[in-house]
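Structural overview for review
Listed below, chain by chain, are the residues.
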There are 2 protein chains.
Amino acid sequence: MTMYGRYTQELGVYAREEAARIREDGRHRSPPLKLLEYEKGRCFSLCGVCAVHCQRFLMSRVGEDWIFLILLGLVMALVSFVMDFCIALLLQAQKWMSGGLDSNVILQYLAWVTYPVVLISFSAGFTHIVAPQAAGSGIPEMKTILRGVVLKEYLTLKTFVAKVVGLTCALGSGLPLGKEGPFVHIASLCAALLCKFMSFFGGIYENESRNTEMLAAACAVGVGCCFAAPIGGVLFSIEVTSTFFAVRNYWRGFFAATFSAFIFRVLAVWNRDEETITALFKTRFRLDFPFDLQELPAFAVIGIASGFGGALFVYLNRLIVQFMRKQKTINKFLMKKRLLYPALVTLLISTLSFPPGFGQFMAGQLTQKETLVSFFDNRTWTKQGMTEDFNYDSHSAAWKHPQANVFVILVIFIVMKFWMSALATTLPVPCGAFMPVFVIGAAFGRLVGESMAAWFPEGINTDGIIYPIVPGGYAVVGAAALSGAVTHTVSTAVIVFELTGQISHILPIMIAVILANAVAQSLQPSIYDSIIRIKKLPYLPELGWGHHEKYNIRVEDIMVRDVRYITLNSTYRDLHEILLIGNLKTVALVESAESMILLGSIERAQLQALLTQHLSRERRLEFIRDRADAERKRVSVVSTPSSEEGGQKVNHEISTEESSFTPARPISPKPLKPALKRTSTAEKNIEIPTSNITHTHTFTYLWKHFKIEEWEEQQLDEQVNFNSCKIDPAPFQLVERTSLHKTHTIFSLLGLDHAYVTSIGRLIGVVSLRELRKAIEGSMTVKGVKVRPPLASFRDSGTSGTSSESEATELHKLWDRHTSISIPREHQPNTSDSDEKSHLFFFFRIMTFLLAN
Amino acid sequence: MTMYGRYTQELGVYAREEAARIREDGRHRSPPLKLLEYEKGRCFSLCGVCAVHCQRFLMSRVGEDWIFLILLGLVMALVSFVMDFCIALLLQAQKWMSGGLDSNVILQYLAWVTYPVVLISFSAGFTHIVAPQAAGSGIPEMKTILRGVVLKEYLTLKTFVAKVVGLTCALGSGLPLGKEGPFVHIASLCAALLCKFMSFFGGIYENESRNTEMLAAACAVGVGCCFAAPIGGVLFSIEVTSTFFAVRNYWRGFFAATFSAFIFRVLAVWNRDEETITALFKTRFRLDFPFDLQELPAFAVIGIASGFGGALFVYLNRLIVQFMRKQKTINKFLMKKRLLYPALVTLLISTLSFPPGFGQFMAGQLTQKETLVSFFDNRTWTKQGMTEDFNYDSHSAAWKHPQANVFVILVIFIVMKFWMSALATTLPVPCGAFMPVFVIGAAFGRLVGESMAAWFPEGINTDGIIYPIVPGGYAVVGAAALSGAVTHTVSTAVIVFELTGQISHILPIMIAVILANAVAQSLQPSIYDSIIRIKKLPYLPELGWGHHEKYNIRVEDIMVRDVRYITLNSTYRDLHEILLIGNLKTVALVESAESMILLGSIERAQLQALLTQHLSRERRLEFIRDRADAERKRVSVVSTPSSEEGGQKVNHEISTEESSFTPARPISPKPLKPALKRTSTAEKNIEIPTSNITHTHTFTYLWKHFKIEEWEEQQLDEQVNFNSCKIDPAPFQLVERTSLHKTHTIFSLLGLDHAYVTSIGRLIGVVSLRELRKAIEGSMTVKGVKVRPPLASFRDSGTSGTSSESEATELHKLWDRHTSISIPREHQPNTSDSDEKSHLFFFFRIMTFLLAN
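Numbers given for residues are sequential positions, taken from 1 along each chain in its written order. All chains are assigned letters beginning with A, and all ligands numbers beginning with 1, in the order in which they are written. Two thresholds apply to this predicted model, a pLDDT of at least 70 for residue-level local features and 80 or more for giving and counting side-chain atom pairs, whereas whole-chain, interface and lining totals are computed over all residues. With hydrogens and water stripped out, all remaining heavy atoms of the structure feed into the side-chain values.

Describing the pattern of salt bridges
All names here are of chain B. We count it as follows: Criterion for a salt bridge: a side-chain nitrogen of Lys or Arg within 4 Å of a carboxyl oxygen of Asp or Glu. Helical segments are the DSSP runs of H or I of at least four residues, strand segments are the runs of E of at least two, and each set is numbered from the N terminus.
Under the defined criterion, the tally for this structure stands at 12 salt bridges over all chains. Among the salt bridges present, the one from glutamate 370 reaches lysine 95, with a minimum N-O distance of 3.0 Å. Placement of glutamate 370 in helix α14 (residues 368-375) and of lysine 95 in helix α3 (residues 64-100) is noted, with a sequence separation of 275 residues between them. Close ionic contact of lysine 535 with glutamate 141 constitutes a salt bridge, the shortest N to O distance being 2.5 Å. Here the residue lysine 535 occupies a position in helix α20 (residues 527-535), and glutamate 141 occupies one in helix α5 (residues 139-146), the gap between them amounting to 394 residues.

Concerning the sheet that holds strand β8 (residues 762-768) of chain A
Residue and element names in this part refer to chain A. As a reminder, the rule being used: A pair of strands counts as paired when DSSP detects no fewer than two bridges linking them.
The strand order across the open sheet built from 3 strands is β6-β7-β8, with neighbouring strands paired in mixed fashion. Edge positions in the open sheet fall to β6 (733-734) and β8, since each of these has one partner strand only. Alignment of strand β7 (residues 754-759) against β8, held across 6 bridges, turns out to be antiparallel. Counterpart to valine 757 in the pairing with β8 is glycine 765.

Considering the pairing of strand β7 (residues 754-759) of chain B
All names here are of chain B. To keep it simple, the criterion reads: Each residue gets one of three labels from its accessible area relative to the maximum for its type: buried under 20%, exposed over 50%, partly exposed in between, using a 1.4 Å probe on protein chains only. By the criterion used throughout, a crossover qualifies as right-handed when its path from the first strand across the helix to the second strand runs clockwise, the strands pointing away from the viewer.
Across the 6 residues that make up β7, a large majority, 5, are buried. Where strand β6 (residues 733-734) meets β7, 2 bridges bridge the pair, whose relative direction is parallel. Across the sheet, residue glutamine 733 finds its bridge partner in β7, namely tyrosine 756. This β-α-β element, β6 to helix α29 (residues 740-750) to β7, shows right-handed connectivity.

Some details on the sheet that holds strand β4 (residues 598-603) of chain B
All names here are of chain B. As a reminder of what qualifies: Contact between two residues is taken to exist if any of their heavy atoms lie within 4.5 Å; hydrogens are not considered. The axes are straight lines fitted to the C-alpha atoms, using for helices just the contacting stretch, and the angles between their N-to-C directions are given from 0 to 180°.
Pairing is mixed across the open sheet formed by 4 strands, whose spatial order is β2-β3-β4-β5. On the outer flanks of this sheet lie β2 (565-567) and β5 (727-728), each paired with one strand and no other. Here β4 pairs with β5 via 2 bridges, running antiparallel. Following the sheet pairing, serine 601 is matched in β5 by aspartate 728. Helix α24 (residues 604-614) contacts β2, β3 (586-590) and β4 of the sheet and is inclined by roughly 80° relative to β4.

Some details on the packing of aromatic side chains
The test is simple: Planes of paired rings set the category: under 30 degrees apart is stacked, over 60 is edge-to-face and the rest tilted, where pairs are Phe, Tyr or Trp rings (Trp by its six-membered ring) whose centres lie within 6.5 Å.
For the coordinates displayed, the defined rule picks out 32 aromatic pairs over all chains. Taken together, a centroid distance of 5.7 Å and an interplanar angle of 75° make the contact between phenylalanine 375 of chain A and phenylalanine 413 of chain A edge-to-face. Of the two residues, phenylalanine 375 of chain A sits in helix α14 (residues 368-375) while phenylalanine 413 of chain A sits in helix α15 (residues 406-424), which places them 38 residues apart along the sequence. Residue phenylalanine 375 of chain A is classed as buried on the basis of its relative accessible area of 0%. We classify phenylalanine 413 of chain A as buried; its relative accessible area is 1%. A centroid spacing of 6.2 Å and a plane angle of 70° characterise the contact between phenylalanine 245 of chain B and tyrosine 250 of chain B, whose relative ring orientation is edge-to-face. Each member of the pair, phenylalanine 245 of chain B together with tyrosine 250 of chain B, is buried.

Remarks on unusual backbone geometry
With a phi close to 55°, histidine 488 of chain A is a non-glycine residue in the positive phi region. Although it is not a glycine, alanine 228 of chain B adopts a positive phi angle of roughly 55°. Inspection of the secondary structure puts alanine 228 of chain B in the loop between α8 (208-227) and α9 (230-241).

Below, the structure written as structure tokens:
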């Protein structure tokens, strides 16, 4: 999560521009790409042929998808294993250092504190230098990418390196950070890089939608190999990243995640860490009587409390970010010294968790993993409130304190870890929030479980047989509930089953998770949606639950009525003006301004190409040659002997103009600023030749320049010839009366960016993501963009009879159109306005030109 | 699965007509409905107001969805529990009967055989009489309904009753039948009925899309409360019924299924069946070392073999159905005696499983549940191939036979149950195939497990410690793999975890299930898709894996170019002809036959209403009155004294005509046959008055009748006034170059029935589900509808340069249109042809009229 640079208003805009640029690049690059590939083919000819043959054989036998998914699973399992290994080493080093210095507390403290500060600073610095996009969780970005938005820098090799190295260091520091979110990102990076690698062999990897499917599978792999939880991974990734899920991609995720989890655990067996393949945090609860029916209220309480806790965590996290951003002085200071904030935070957290210091009251010496193992332990830590007489094992000993009660320690642990985690996840290093929250949830569950065990020391009686209460089960329930509440997912339940290797507590866990979700979802967005809002990523928010208004808001209430369009009769001038106006991605093409029948949409780049082509160097030269020919004829008629000289002179003129005449009215992909820049370079080009020539030459040149401008003006007034232009003949259309609910569904289903609103073929408006987002947020927070709320609420009580009437009235428009009543549009004044502007611009250019001479 | 009547070509057509009828009914009924509600309101005024207030309070507090889902879960849990209880009673009765008669084998046999025959016959008969739709699994129909097709009779109270009673009897008979599929259907029925019930209180339950969401949740509840497996239920229902899944509905399924499973298990606790809430088929495998890494190949073998077995099962099932249908003599005989086929099948199956007879070699005395419990048992049945020295418990004793080996018995069991299950699931009773397949899979797994245990009696060595092999684990893997292969789902793995309450075998199960799916999916469709094909339900098949052709087939290759359309200038005669032609649901409205600009689409019913209204009784009377007025004026001018009489005469004529003049050219919802019928009744109406009147009257009448016909003809030639007609102004549009893959995605995403193909606003074709289905099946089976396969394959090698060129050429059409070149259409000859027909028809009517007098 980058604190400074990225957390700005402009990221959305930036992303959108980037997306547009990529698309244009792709288009412009396509012909040279072919050439390039051909050359590549010549270089690697032998190797390439071999590879292609091998690959074709394999593909035909096994199918490309399978190979891809196996490779992805394998790579991710290796990455996960190696990273875990390194993290374990780093954590061990810290323990060893502070353990070796236990003679001197100050030295020990320095060692304990310096180590994480150095690691975190390195992680933040490395991430910042190599790829600032690597900071943070990555799940919000993946969600946005899977929504169809292209975030260019998020799927590069640089980002991969930064994320892997940064994450290893960050987790090695012992701060309460998680690896789940980053792993989703790493897996997606892996998939994207593999796709690139495999498209080198050709095949279907250049297909856009195929790549998206693979990215979705990669998200599942990320979670799967992080927790060795294939099913939970698939479900979690679906819940977290998708709005509509294509069931036909389901098997991809399952296959890759299972394979990855399998390899991940097999590596552990080969490394002699484990005897066989088992769960990561194996529990040993009794199977025959996992819990009593009467314990269910306690589980429900855990669920509800976790719901509130989860919402609070999200709120706290956002509050910290917003506070840091608002405080101008702090912000300025931190912007200068980028590494200071992470270092300070790390210092604070590690000081507080220093084991001989305050850390003794919150089990500071345990790593996240050890803490979880101790929480999931079968045995009760307390019997009738006395902590003395129970048999501590190595990890559980951390919870024993001579002065303090187990309950007090647990409460301190929960409170301290809560704000620490919320704070730590705002650091600009690769880190996730899932695991810290999971641990806090487990601690809370354990607290409730220990309380229950203290309350019913003999267990809750059922028919004579005594089954003591298992606080470990409560810890499992709490972990699932709190992580579910923070991420707004139900599948944390499944992850927990796979993590612990036991499913006996399925009903309590499901009940707690669902209750936690219900509470949290009604209070706050999920942590990922919260980050999306903070980072202003271009994402469509979800519709809330049970908000009836969304059925009553219609497209006509939210659409933009002033649509930019071009007609079949448009002149190039109109095109030019449309391009100057703003940041439209596509422009609507209508039959005529009177009929307004929507014929299709044309991309901005296409229009630019049209305009550039029409005013191209070639056509200019042609015009000049034609004029020169005419001149020559005139000259030859007037003075036949000097025809040779005159011809030479004209030729000279032509060559001068050829060298100087880059488009006088430059049409570039970026219309405003760069256009001005290029103009100045163009004028420089003009300057250089003219300064060498005599004054008379300059004047004739100027005269010709005016001629060219005249020609240009004349060209601009011509009708556009759309023949060489790619038109999308079926842009998505909505109707005025389409409900907000349906619009949202269609936008999310098809990943639309905008849709035209038509009424019987006539273009009457346009709805883009922005309007939709505003409307949704408006419908939830009362204030908003309800342009016609009284009508909308009136419609609510309207019966089917009246609605059909109102739909019938639309036909009048049809008849109006048919009887050819022209509709006055505000386009005309607009045109004249910008005409004035362009005249001014023209005048300005001539002035600068004269002054330069 | 109805064997006879329903398995016909026409079901698809039938369903479509039904769908159309429902929609029309809904439209026609809407005004009276309001009246009805108002009266209802008066009747239950006090009670209603109270209920509404209560309900509003609750809704505002808890949300309508929650209440609905809780109710649904509760009802389904009760249904499931009661049904299980009844089934257990029925099965116990059979055992008790045959057990009590063990002195006489023949009597015992008779009792053993008669009992299931009676139950199955009753079930088949009851289902047939009450609701034939209740037969079979129900999942294929639910899949179709969730796809957006309205199958009217499948969601009624009658069907609910038939399904519940029929299923209880069928399962009580002891045949290898399952309850999962029917439970999905029952839950959906429950949800539909609850929706109806709750829409009585008002609220959002009238919303179409909301109902679909609720049905999706209901499917999850069905599986969830059948196996007490909420997570597996949700996933299974998603995999089986959805193509694209809206993640925002996820929680609904989870919530309802969890609640339902909870209540279902709590009922068992209250009934003292269980001590606390646990899994249905609880296993007790060891946790610390569930399986050795070296056993994985065996698990993989189970997976692959299950894949082949699953495909074989689907094939066998389809083969039996098709065989029964093809054999005309058998078919005719069975059609007469509907109950004979079920009775014969039951007789055969129960004879073979008679415990003292052949049943002793296949554990015939065990019920499905007992069989499963014995398969999932921890202990090995065999030690070094000897079956003597192991300690049998009650169920496992069935697998001991003095003459035969355990392996032999298991093989016989698998083979016999395999064809028995495939046969039994074709019976016309409510039944599913999941459980029988699950049992067979478990048996196969057990067989492999026992073999492994015999092969490695000491377990596979790992570092000195001996862990014996657990054949029960193999049984679990086999069960998941085979049921996964038959249904093409991965979530059977999750169901198995929840059923057994253990997740320790997660990796073997996932590997086996994925392998089984990979094999089965490449060989056969899933059992549900197979039934959809057999029943010819209107469902879009899935795209296969890795078929590249689907990216190269374009809409233009598969679309129908001869689209029926009406224009803004169409006359009522055109309308009439379009309506006569066929079974179009909607008709395209274009601007004119020359421009072909698509303006929208109009539903058939709307056009019918337009036509009926234009030739309505009121307008006829008006015309006659106008004419009478004109006549009267003429009469009054000619002979003033007899004006009174003339006026009376005219009045009499009018009244005659009023009584007789139902529309002369009746326009009914069913255009062809019923139209003829009504015509004859109309002529009878004409006959009765005329026979009482004098001949001169008849002739004047006839003259007037001709006048009316003339008027009618004149009316038909008028231009249609679309003012009172509901037009869908934005029907879904595709482009010629849209790929099959994208088209399929869009059709499945939006649940489309047809889409128009346009080229820059011009209508050039239409694609309906049928074409798409043909194209997909064609692209898979080589032969097919590839209208332009050479081009399609040519396009494959086409580069981006050529494609943009071809896209640019489309513009010529635009210009053509703009310069108003009319396109010759084959519509003209068509019109004249049907004109001739209508003339003939008219002549025929006059002749019959004259002859009748």
